[in-house]
Amino acid sequence: MKKSIVLFLLLFIYGLTPSLVSISSDVSAAQHTDWKNVAVKETKKRYPLSQVLFAQKIWDNTKKNQTVKQYKVTVREGMKDIGVFVTISYDAKTEKVKKIQVLEEAD
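First, a word on scope: everything that follows refers to the structure included in this document. Worth saying up front: this structure is predicted, and the values here are computed from it rather than measured. (Residues numbered from 1 in each chain as written. Predicted model: local features only at pLDDT ≥ 70, side-chain atom pairs only at ≥ 80, totals over all residues. Heavy atoms only, no water.)

## As for the overall build of the protein chain
Here is step 1: Secondary structure summary: the protein chain contains three helices and four strands in total.
Here is step 2: Moving toward the C terminus, one meets the helices and strands of the protein chain in the order α-α-α-β-β-β-β.
Here is step 3: Taking all 107 residues of the protein chain together, 27% fall into the buried category.
Here is step 4: When contacts within the protein chain are restricted to residue pairs at least 6 apart in sequence, long-range pairs at least 24 apart make up 33% of them.
Here is step 5: As displayed, the protein chain has an accessible area near 8,100 Å², and 57% of this comes from carbon and sulfur atoms. (Helix = DSSP H or I, 4+ residues; strand = E, 2+ residues; numbered from the N terminus. Buried < 20%, exposed > 50% of the residue type's maximum accessible area, 1.4 Å probe, protein only. Contact = heavy atoms within 4.5 Å. Areas by Shrake-Rupley, 256 points an atom, 1.4 Å probe, with all protein chains shown as cover.)

## A look at the packing of aromatic side chains
Here is step 1: Scanning all chains against the criterion turns up one aromatic pair.
Here is step 2: Between Trp 35 and Tyr 90, the ring centres sit 4.0 Å apart and the planes meet at 15 degrees, which makes this aromatic pair stacked. With Trp 35 in helix α3 (residues 35-46) and Tyr 90 in strand β3 (residues 80-91), this pair connects stretches of sequence that are 55 residues apart. Assigned by exposure class, Trp 35 and Tyr 90 land together as buried. (Phe/Tyr/Trp six-rings, centres within 6.5 Å; stacked < 30°, edge-to-face > 60°.)

## Notes on the environment of Asp 60
Here is step 1: Relative to the helices and strands, Asp 60 resides in strand β1 (residues 51-63).
Here is step 2: Measuring from C-alpha to C-alpha, the distance between Asp 60 and Gln 70 comes to 6.2 Å, with 10 residues separating the pair along the chain.
Here is step 3: Not counting residues up to four positions away in its chain, the partners in contact with Asp 60 are Val 68 and Lys 69.

## Some details on the nonpolar core
Nonpolar side chains in soluble globular proteins tend to end up buried together.
Here is step 1: Within the largest apolar cluster, 15 residues are counted, with the highest numbers of intra-cluster contacts made by Trp 35, Ala 39, Val 73, Val 84, Val 86 and Ile 88.
Here is step 2: Every element with two or more residues in this core is listed here: α3, β2 (66-77) and β3.
Here is step 3: No other element matches the five residues that β3 contributes to this core.
Here is step 4: Once you skip the residues sitting within four places of it in the chain, Val 73 turns out to touch Ala 39, Val 40, Thr 43, Val 52, Phe 54, Ala 55, Ile 82, Gly 83, Val 84 and Val 86. (Core = buried A, V, L, I, M, F, W, Y, C linked by side-chain atoms within 4.5 Å.)

## A short note on the sheet that holds β2
Here is step 1: Spatially, four strands are ordered β1-β2-β3-β4 in an open sheet, and the strand pairing comes out antiparallel. With one partner strand each, in any of the chains shown, β1 and β4 (97-104) form the two edges of the open sheet. Adjacent strand axes in the sheet meet at a mean angle of 15 degrees, parallel and antiparallel pairs treated alike.
Here is step 2: Here seven bridges tie β3 to β4, and the two strands are oriented antiparallel to one another. For Val 84, the partnering residue across the bridge sits in β4 and is Glu 104. (Pairing = 2+ DSSP bridges. Axes fitted to C-alpha atoms, helices over the stretch in contact; angles between N-to-C directions.)

And the structure:
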């Protein structure tokens, strides 16, 4: 209902034809796991009193049915900034987590 109203307004205001307007489906976005959020949650388990400053994907690799992604999450605990590497291994088709490794960056 909302999408059809938005589409109508776009067509009316901008004079666009329906072939020029596309509205993405929420279904496809809901099916994929946001692995960056998983990395942040795993870091917060280890450092519950910390504040997350930054999270970034470092690399990812897919072989056959397994995907491995690594993120660096920077947290602040007190006056100290800590870099944490989170490596997530999961089944590429089902997105079921196989292993999560959390390592603090060496000083």
